[in-house]
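# An overview of the molecular structure
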Amino acid sequence: MGVTGFRHDTPVYFDELDLNGHLHNTRFALHVERATSALFESLGYGWTSFADRHPDLVYAVRELNLEFLAPFSSPGPLRTELWVRRLGRTSCVYGFRCTDPTEGPTYARGRRAVVKLGPGGRPEPWSATMRDILAGLHRAEEPPADEERR
C-alpha cells in the first residue's frame, strides 16, 4: 500500500466471458468492487452483517467511469490496482486499472467516486482515521497508458 495504492488479484471465471470469449464489460466493475472490499478488509474493516459495518463504509457510488483498452480473453487472474485521485470532505475519487498480474497489458481503467453518508442518508465528513487511510492511498499521477489502442 502507501503512495502506490493497493493491488488485488481476483479470479475470472469462464461464465464471466461474453459471446466473443472476452470478459464481459460489466464484470470489470464487479472486480473493482471486489478489490475495494479486499482493501478495507485488509485494513481491519471487514464485516459480516450490515449492522456491523464501520460508519466510514456507509457510502454511495456517485460515478463510475470505465475505459476499455484491451480484451481479457480467458479465465484466470485479473489484477485490480486502486489509488486515491482526490479526497474531499465527504467524497473520494478512486482511480483504478485492471491489468495482467504478470505486468502484462492494461485491460481497463477508470475512476469511481463515492460519497460518505450519515445515518439520515445525507453526506457526512470522513472520520480522521479514514482520511489518514485514504490519504495514504493517494497517487500523485496516473499510471502511464502503456497499452496500444485496438
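Overview of the structure. Here the structure is a predicted model, which is why all the values come from computation and not from measurement.

## Points about the overall build of the protein chain
For the protein chain, the helix and strand inventory stands at two helices and five strands. Each helix and strand of the protein chain, ordered N terminal to C terminal, gives the series β-α-β-β-β-β-α. Here the C-alpha coordinates of the protein chain stretch approximately 45 × 35 × 25 Å along the principal axes. For the protein chain, the residues scored as buried account for 40% of the 150 residues in total. A separation threshold of at least 6 residues defines the contact pool for the protein chain, and within that pool the share at least 24 residues apart is 68%. Accessible surface, the protein chain: about 8500 Å² in total, of which carbon and sulfur atoms supply 52%. Averaging the coordinates of the 19 positive side-chain charges in the protein chain and doing the same for the 20 negative ones gives two points 7 Å apart.

## Comments concerning the pattern of salt bridges
As a working rule, side chains carrying opposite charge can pair if their charged atoms are close by. Taken as a whole and assessed by the stated rule, the structure comprises 10 salt bridges. Among the salt bridges present, the one from arginine 79 reaches aspartate 9, with a minimum N-O distance of 2.8 Å. Of the two residues, arginine 79 is situated in strand E3 (residues 76-87) and aspartate 9 in strand E1 (residues 6-12); the sequence distance between them amounts to 70 residues. For arginine 79, a relative accessible area of 14% puts it in the buried group. A salt bridge links glutamate 67 to arginine 109, with the nearest nitrogen and oxygen atoms 2.8 Å apart. In this pair, glutamate 67 sits in strand E2 (residues 59-68) while arginine 109 sits in strand E5 (residues 106-116), placing the two residues 42 residues apart along the sequence. Exposure remark for glutamate 67: the relative accessible area of 25% places this residue in the partly exposed category. Residue class for arginine 109 comes out partly exposed when judged on its relative accessible area of 24%. By sharing partners, the salt bridges in this structure join Arg7, Asp9, Arg79, Glu81, Arg97 and Glu103 into a single network.

## Comments concerning the environment of valine 115
With respect to the secondary-structure elements, valine 115 resides in strand E5. Linking valine 115 and tryptophan 126, residues 11 residues apart in sequence, is a C-alpha distance of 9.2 Å.

## Let's talk about the pairing of strand E4 (residues 91-99)
Taken across its nine residues, E4 has eight buried, putting it largely inside the fold. Bridge count for E3 against E4 is eight bridges, and the pairing is antiparallel. Note on E4: the bridge partner recorded for leucine 87 is cysteine 92. Linking E3 back to E4 in an antiparallel pair, the connection comprises three residues. Taken together, the nine bridges between E4 and E5 define a ladder with antiparallel strand orientation. Residue pairing in the sheet places tyrosine 94 in a bridge with arginine 112 of E5.

What counts, and at which threshold
Residues numbered from 1 in each chain as written. Predicted model: local features only at pLDDT ≥ 70, side-chain atom pairs only at ≥ 80, totals over all residues. Heavy atoms only, no water. Helix = DSSP H or I, 4+ residues; strand = E, 2+ residues; numbered from the N terminus. Buried < 20%, exposed > 50% of the residue type's maximum accessible area, 1.4 Å probe, protein only. Contact = heavy atoms within 4.5 Å. Areas by Shrake-Rupley, 256 points an atom, 1.4 Å probe, with all protein chains shown as cover. Lys, Arg positive; Asp, Glu negative; His and termini not counted. Charge placed at Lys NZ, Arg CZ, Asp CG, Glu CD. Salt bridge = Lys/Arg side-chain N within 4 Å of Asp/Glu carboxyl O. Pairing = 2+ DSSP bridges.

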